Amino acid sequence: MLEELKKKVFEANLQLVKYNLVVLTWGNVSAIDRKTGLVVIKPSGVPYDTMKASDMVVVDLNGNKIEGDLNPSSDTPTHLELYRTFEDIGGIVHTHSSWACSWAQAGRDINAYGTTHADFSNGTIPCARALTQDEVEGEYELNTGKVIVEEFARRKIKPDECPAVLVYRHGPFTWGKDPFKAVENALILEEVAKMAHRTEKIASLDENSNIGIEQYLLNKHYERKHGANAYYGQK
């Protein structure tokens, strides 16, 4: 079942290792087949160096396991909540990559400081609110997804214009049209997080520093790559 999608999800998970976005088993990739409403996701706690495409687990949007000998990722309910709400996304990545995770642990948004950020996101990359004790002690992973959805609704952010979020005290989630794009966005997020930290550190050395990209420059860079009349790259 969904053998081609399993292969893609498996390969995308290996890319997390290739790009140094995970250590040990600290990450997962999933993808959805919108025709069937079925999701393929990495199994929980399985090392990347022994994992096989056949180990990928198939679940439905209600979290029922449809196929697979192993347990799906413990983050599966978060992925499913995002798929149910953000209907145009096709793949999701969660990592504990160090730079993005550091911003999440600090409870900080990643503000737009330059054109690299603007090429990726049309504004601030949000850090969602803290989960309450009841939310953590209840359906924690499901509530994590709900808090992400709530944050995007509250800030009126479109998930296609900002394909990333930081979960407070936890780490990043990214998404895209397919699992490979979601991995690419996780890699970009990590670089943007690193640059933002360095920008703030450098700016702190000079009280006259003025950081924060001008709105017209952010708009230009975002639109030339993602807008209706985008002209970046090849047709």
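A brief look at the structure comes next. Only a predicted model underlies this, so the values are computations on that prediction, with no experimental measurement involved.

Brief notes about the overall build of the chain
Along the backbone of the chain there are 8 helices and 7 strands. On C-alpha atoms alone, the chain measures out to a radius of gyration of 18 Å, which is about the 18 Å that the 2.2 N^0.38 rule sets for 235 residues. Structurally, the chain occupies a C-alpha span of about 60 × 50 × 35 Å along its principal axes. Within the chain, the proportion of its 235 residues that are buried is 46%. Taking all contacts inside the chain whose residues are at least 6 apart in sequence as the whole, residues at least 24 apart take part in 63%. Counting only carbon and sulfur atoms, one obtains 48% of the accessible surface of the chain, whose full area is about 12,200 Å².

Observations regarding the packing of aromatic side chains
This structure, assessed with the given rule, holds 3 aromatic pairs. Ring geometry for Phe-86 and Phe-152: centres 5.7 Å apart, planes at 55°, overall tilted. A residue pair is termed long-range when its members are at least 10 positions apart, and Phe-86 in the loop between helix H2 (76–85) and strand E5 (91–95) and Phe-152 in helix H6 (residues 140–155) qualify at 66 residues. Pairing Phe-152 with Trp-175 gives two aromatic rings, centres 5.5 Å apart and planes at 65°, and the pair type is edge-to-face. Residue Phe-152 is located in helix H6, and its partner Trp-175 is located in strand E7 (residues 171–176); the two are separated by 23 residues in the primary sequence. Trp-175 matches Phe-152 in its accessibility class, with the two residues each being buried.

Describing empty space enclosed by the protein
Across all of its chains, the model carries 1 cavity of 30 Å³ or more by this definition. One number sums up the size of the largest cavity: a volume of about 40 Å³. Together, Leu-21, Val-93, His-94, Thr-95, Ser-97, Pro-172, Phe-173, Thr-174, Ala-186 and Leu-189 line the largest cavity. Sorting the residues of the lining of the largest cavity by element identifies E5, E7 and helix H7 (179–203) as the ones contributing at least two each. Residues of the lining of the largest cavity, tallied by class, amount to 6 nonpolar, 4 polar and no charged.

Focus: unusual backbone geometry
Residues other than glycine seldom take positive phi values, yet Lys-156 does so here, at roughly 55°. Topologically, Lys-156 is positioned in the loop between H6 and strand E6 (164–167). Taking relative accessible area as the criterion, Lys-156 reaches 73% and is therefore assigned exposed. The backbone of Arg-169 shows a phi angle near 65°, a positive value even though the residue is not glycine. Position of Arg-169 relative to the elements: it lies in the loop between E6 and E7.

Scoring rules and cut-offs
Residues numbered from 1 in each chain as written. Predicted model: local features only at pLDDT ≥ 70, side-chain atom pairs only at ≥ 80, totals over all residues. Heavy atoms only, no water. Helix = DSSP H or I, 4+ residues; strand = E, 2+ residues; numbered from the N terminus. Rg over C-alpha atoms; globule rule 2.2 N^0.38 Å. Buried < 20%, exposed > 50% of the residue type's maximum accessible area, 1.4 Å probe, protein only. Contact = heavy atoms within 4.5 Å. Areas by Shrake-Rupley, 256 points an atom, 1.4 Å probe, with all protein chains shown as cover. Phe/Tyr/Trp six-rings, centres within 6.5 Å; stacked < 30°, edge-to-face > 60°. 1 Å grid on protein atoms, 1.4 Å probe; cavity = no way out; pocket = protein on both sides within 12 Å on 5 of 7 lines; lining within 4 Å. Points joined across faces, edges and corners; volume = space filled by probe spheres on them. Nonpolar A, V, L, I, M, F, W, Y, C, P; charged D, E, K, R; others polar.

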